[in-house]
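In case you want the letters, here they are:
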Amino acid sequence: MKSLANQQSPPFQLVLPDELNAVVQERKAKKQKPAKAAGPKIAPSKPLDIDPAKLTLAQNTFQIEAGQPAPQLAASQVGPLAVGVALVSFQEAMPFLQSGQLLTAKSLALLVINGPDELPTKLSWASIRFAACCSVNQQPVLLHGHLVQLGAQPVVPVFTSESPGVHDVPVTCARLTVFADQWPQEWNSLEDHPFKQVLQVLPPLQTCRNDQCQCGRWHPDGMDGNQDVLLDVFRRQFFTEAGRPTKHAQANHFSVQIRYLKSQEYALLRLSGQNGVFVEPRVPDASSPSEEFQVVWLPQASFASAQHQLQCEPLGLGLARSGRRMGIRVAARDFQTLFQKLKPEGQFLSPGTRQTWHCGPFPFGSDRKSIGRVFADWKWQARPLQPARPIADGVMWLVQSVADPPQTVFNMQHGQVMISKCDSVRAGMADNGLVIGPQSTIELCATNSAVDPWTFHDPWQQALTQVPVHSSAPVTSHIKELEERLERSILEKLPLERMETDHTEDRIQIMEKQLQHLANQHQALESTVHEHHRQNSAQVQTLQAQMLSQMEVQRSQMANMFEDQMGAVRKSRSQIYELMRLLCFARLLNPASR
Ligand SMILES: [Zn+2]
C-alpha cells in the first residue's frame, strides 16, 4: 500500500508508527536542548484521571434503604442480578448510559468518575461528592462523580442527623485595599503587621466583649455562640500601581482578604474610603467580586467630590477606588437608578458578559456622546469605547454591549452604518479600499473561497521532503513477504503450553478464522493476478494473429509485384533478342552497309 501510495503524483505519504516515533524522538531531542539552557520549566499540570479499580468506597457511603448499606460491586459484576453500587470510569459506564435501560427492579447504581459535567443518558443521575479510600495506602480522598441509577429502587447517599453538627453562620469575604497616598499615618508604619494596623481603623471587624455597650464594634450575641467577627485573614500582599507584587517600600497599595460575619457587611462597606482603606465585597469563597453590589465609576471625580456625592446619595453604600478612579458602590438592584442619576449622559450597560463590536462609519467629528445618542435611538444598550480606525469617509468605532444589536446595518443620513462583531478589543479589521469588515468575514466572502486550502498550504509538505521515498518492489515479493511475516507472528503468538484451557481454545479459533480470512484474501489476490495474466496472453495472441494476417497480405502483394516486374523484364529481354536477330540478318544480307 505504501509503495502504491508513493507512486501517485503528488505522492501520498503513508507514515508507519515506527517512522512517526522516530521523527517525534528526533524533535524531542531538539526541543530539550534549549529548555535545559533556560532552566527547568514546570509543565502545566494535567488533570489526573483516577483509576476506579484502585479506590474503595468508605463504609456506609451509600444505602439501599434506610440503615441498609449498599455493597460495592466491581464493574464486571454489574448486571440484572446485582445489588449495590459500582465505582466505574466514564468509559466503562458509556454502554449503560447509551442504552438508557434499567437493569433490575432492585437497587443498583453506577458511580461514574472522570466523566463530563453533563452525562449523555436518559437514566436518572445526580452529581455528588463522596469519599473513597486508596486501596494501596488506605488514605481517603474526596472525589466528584455522578451517581447513575440502574435499578428501579434508588441507591442514595447516607446522611445522618445523629452526628454532631458544625456550627455555621452566614459569612462573606472582602478585599481590603490600603492606598499609600491616602493612608493617614506614615507608610512605614505598615511595614510590620500591616493588617493589625488596618484593623485599628475598622471597628466593625473588632470584637467588643462589654455587655450592654453601644460602641461601633461587634458584640457577640450570646445566642448564636460565635465568639469572633473575623474568621480568616489571607493573601496579604503589597502591590505596585500596575498591580504587581512588590516590597513594602516600593508599594502603591497593600491588599488583604478577610472572611467575616455577613451581618457586619454593610457596616464595613460604609467605612470604605475612610483612612485610605477601601473595601471590595467578594463571594464567600473569595474567588470573585460579589454580584450583590455594583460600582458607578466617576472617572473625572476627585476623591473629595466623590466623597461629597456619596454623602448626598442615600443609595450609596461606600466609596470604591481602582487605581486613580473613584466610584460609588450600590446594591446591584439600585445600580441603574444611581447610574442614570450620576451619569445622565453615560451609556448604562447592565451587568453581564461584554461583547465587542466594530460600528461605523461615523463622521470624523462625531464623539462618544453623539454616538451614544444614536445607540439610544436604535434601542441598543451599547457604549462607544473609542475610535477604532479611520476609513475613506469616516471612522469605525469600537463599541461594547451586553446584548446583540437589533439589526446589523442601519441607514443614516450620512450613509449606511454597519455593526460587526469582533472577537476582542485588539481584533483587526481588514480594509483593502473596496471592502471593509472583519478579516474572517471577508475571507468567507472571497470568490476563491471554493479552492481547497490544502492544495496551497499542505501541512505535510515539509515532512514530505525529509522522509525517504521507498521504491516499489514487485507485487509478488510483497505478498511473499507478507505471508512470511504473518506466519512468523502467528507462530510467535500461538500458545505452546496452555493449550487445554477454553480461553486459548477461543483464541485459536479466532486466529484460525483470521488465518482463514487471510488465506481467502491471498487466494483472491492470486486469482486476480491469474486473471490479469490470462487477459494479457489473450491480448498477445490476438495481436499475433493480426500480425500474421497482415504479413500474409503484404507477402502476397510483394509476390504479385515481383511477378509483374519479372514479366516486364522477360518481355523486354525477348524484344532485345528479336532486335539482335534482325540486326544479324541485315548484316548478312548487306555486308557493305556498315
Ligand atoms: Zn462595645
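Everything in this summary refers to the structure shown in the same document. (Residues numbered from 1 in each chain as written. Predicted model: local features only at pLDDT ≥ 70, side-chain atom pairs only at ≥ 80, totals over all residues. Heavy atoms only, no water.)

1. Regarding the overall build of the chain
Along the backbone of the chain there are twelve helices and 25 strands. The 594 residues of the chain split such that 30% are buried. Counting only contacts in the chain whose residues sit at least 6 apart along the sequence, the fraction spanning at least 24 positions is 61%. Accessible area for the chain stands at about 41100 Å²; split by element, carbon and sulfur atoms hold 55% of it. (Helix = DSSP H or I, 4+ residues; strand = E, 2+ residues; numbered from the N terminus. Buried < 20%, exposed > 50% of the residue type's maximum accessible area, 1.4 Å probe, protein only. Contact = heavy atoms within 4.5 Å. Areas by Shrake-Rupley, 256 points an atom, 1.4 Å probe, with all protein chains shown as cover.)

2. With respect to the packing of aromatic side chains
A full pass over the atoms with the stated rule returns ten aromatic pairs. Ring plane angle 85° and centroid distance 5.9 Å describe the contact between Trp 187 and Phe 238, whose orientation is recorded as edge-to-face. Linking Trp 187 in the loop between strand E11 (171-179) and helix H4 (194-200) with Phe 238 in strand E12 (residues 230-239), this pair joins segments that are 51 residues apart in sequence. A relative accessible area of 14% means that Trp 187 is categorised as buried. Phe 238 sits in the buried class, given a relative accessible area of 10%. Aromatic pair Phe 335 and Phe 339: ring centres 5.9 Å apart, planes at 70°, arrangement edge-to-face. Taken together, the positions of Phe 335 and Phe 339, both in helix H7 (residues 335-342) and four residues apart, correspond to about one turn of that helix. Like Phe 335, the residue Phe 339 is buried in the burial classification. An aromatic cluster is built from Trp 357, Phe 362, Phe 375, Trp 378, Trp 380 and Phe 410, whose rings are joined through pairwise contacts. (Phe/Tyr/Trp six-rings, centres within 6.5 Å; stacked < 30°, edge-to-face > 60°.)

3. Structural notes on a negative patch on the surface
Taken together, Glu 483, Glu 484, Glu 487 and Glu 526 make up a surface patch of like negative charges. Take the negative patch: its biggest share by element is three residues, from helix H11 (residues 475-493). (Patch = residues over 30% accessible without salt bridge, like charges linked within 9 Å, V, L, I, M, F, W, Y side chains within 5 Å. Salt bridge = Lys/Arg side-chain N within 4 Å of Asp/Glu carboxyl O. Lys, Arg positive; Asp, Glu negative; His and termini not counted. Charge placed at Lys NZ, Arg CZ, Asp CG, Glu CD.)

4. Remarks on the pattern of salt bridges
One pass over the structure, following the stated rule, counts 15 salt bridges. The salt bridge involving Lys 262 is made with Glu 292; its shortest N-O contact spans 2.7 Å. Of this pair, Lys 262 sits in the loop between strand E14 (253-261) and helix H5 (265-270) while Glu 292 sits in the loop between strand E15 (277-282) and strand E16 (293-298), and the two are 30 residues apart along the sequence. Note that Arg 485 is salt-bridged to Glu 481, the shortest N-O span being 3.5 Å. Of this pair, Arg 485 and Glu 481 are both found in helix H11, four residues apart, which corresponds to roughly one turn of the helix. Overall, Arg 485 belongs to the partly exposed group, its relative accessible area being 48%. On the basis of relative accessible area, Glu 481 is assigned to the partly exposed category, the value being 43%.

5. Let's talk about the pairing of strand E21 (residues 394-401)
For E21, the buried fraction is high: eight of the eight residues fall into the buried class. In terms of strand pairing, strand E19 (residues 355-362) meets E21 through six bridges, oriented antiparallel. Among the inter-strand pairings, Gln 355 is bridged to a residue of E21, identified as Ser 401. When strand E20 (residues 382-391) meets E21, the two strands line up antiparallel, connected through eight bridges. Bridging across to E21, Ile 391 finds its partner in Gly 394. (Pairing = 2+ DSSP bridges.)

6. Some remarks on the coordination of the zinc ion
The coordination sphere of the zinc ion contains the protein donors Cys 208 (SG), Cys 213 (SG), Cys 215 (SG) and His 219 (NE2), at a distance range of 2.1 to 2.3 Å. With four donor atoms in place around the zinc ion and angles of 97 to 121° between them, the coordination shape is tetrahedral. Each donor residue of the zinc ion belongs to the same chain, with the gaps between them written as C-x4-C-x1-C-x3-H. Since its relative accessible area comes to 29%, Cys 215 is described here as partly exposed. By relative accessible area, His 219 is classed as partly exposed at 23%. (Donors = N, O, S within 2.8 Å, 3.2 Å for Na, K, Ca; no water. Tetrahedral: all angles 85-135°; square planar, octahedral: opposite > 155°, others 65-115°.)

7. Some words on the sheet that holds E12
Strand order in the open sheet made by the five strands is E13-E12-E14-E11-E15, with antiparallel pairing throughout. Strand pairing shows two members of the sheet lacking a second neighbour, strand E13 (245-246) and E15, which therefore form its edges. Two elements, E11 and E14, share nine bridges in a ladder whose sense is antiparallel. Along E14, the bridge assignment pairs Phe 179 with His 253.

8. Observations regarding the side chain of Ser 366
Secondary-structure assignment places Ser 366 in the loop between E19 and helix H8 (368-377). Other than its neighbours up to four places away in sequence, Ser 366 contacts Ile 371 and Trp 397.

9. With respect to a nonpolar patch on the surface
Together, Val 15, Leu 20 and Val 24 make up a nonpolar patch on the protein surface, roughly 230 Å² of accessible area in all. The residue Leu 20 is located in helix H2 (residues 17-37) in this model.

10. With respect to H7
Within the span of H7, buried status applies to Phe 335, Leu 338 and Phe 339. On an axial view of H7, the arc spanned by its buried residues comes to 105°, and they lie on one face. Summarising the contacts, the buried residues of H7 are in contact with E16, strand E18 (325-331) and E20. (Arc of directions from axis to C-beta.)

11. Overview of the nonpolar core
Membership of the largest hydrophobic core comes to 26 residues, with the highest contact counts inside it found for Leu 176, Leu 202, Leu 205 and Ile 258. The set of elements that each furnish at least two residues to this core consists of E11, H4, E12, E14, H5 and E15. Per-element tally for this core: the top contributor is E14, with four residues. With near-sequence residues (within four places) excluded, Leu 202 lies in contact with Leu 176, Leu 268, Leu 271 and Val 277. (Core = buried A, V, L, I, M, F, W, Y, C linked by side-chain atoms within 4.5 Å.)

12. Things to note about the sheet that holds E21
Read across the open sheet, the five strands follow the order E20-E21-E19-E23-E22; overall the sheet is antiparallel. Every interior strand has two partners, whereas the edge strands, E20 and strand E22 (409-412), have only one. In this sheet, adjacent strand axes meet at a mean angle of 25° when their direction is disregarded. Both E22 and strand E23 (residues 415-422) contribute to a ladder of four bridges, which runs antiparallel. Bridge assignment links Val 409 to a residue of E23, and that residue is Met 418. Together, E19, E20, E21 and E22 form the strand contacts of H8, whose direction differs from that of E20 by roughly 115°. (Axes fitted to C-alpha atoms, helices over the stretch in contact; angles between N-to-C directions.)

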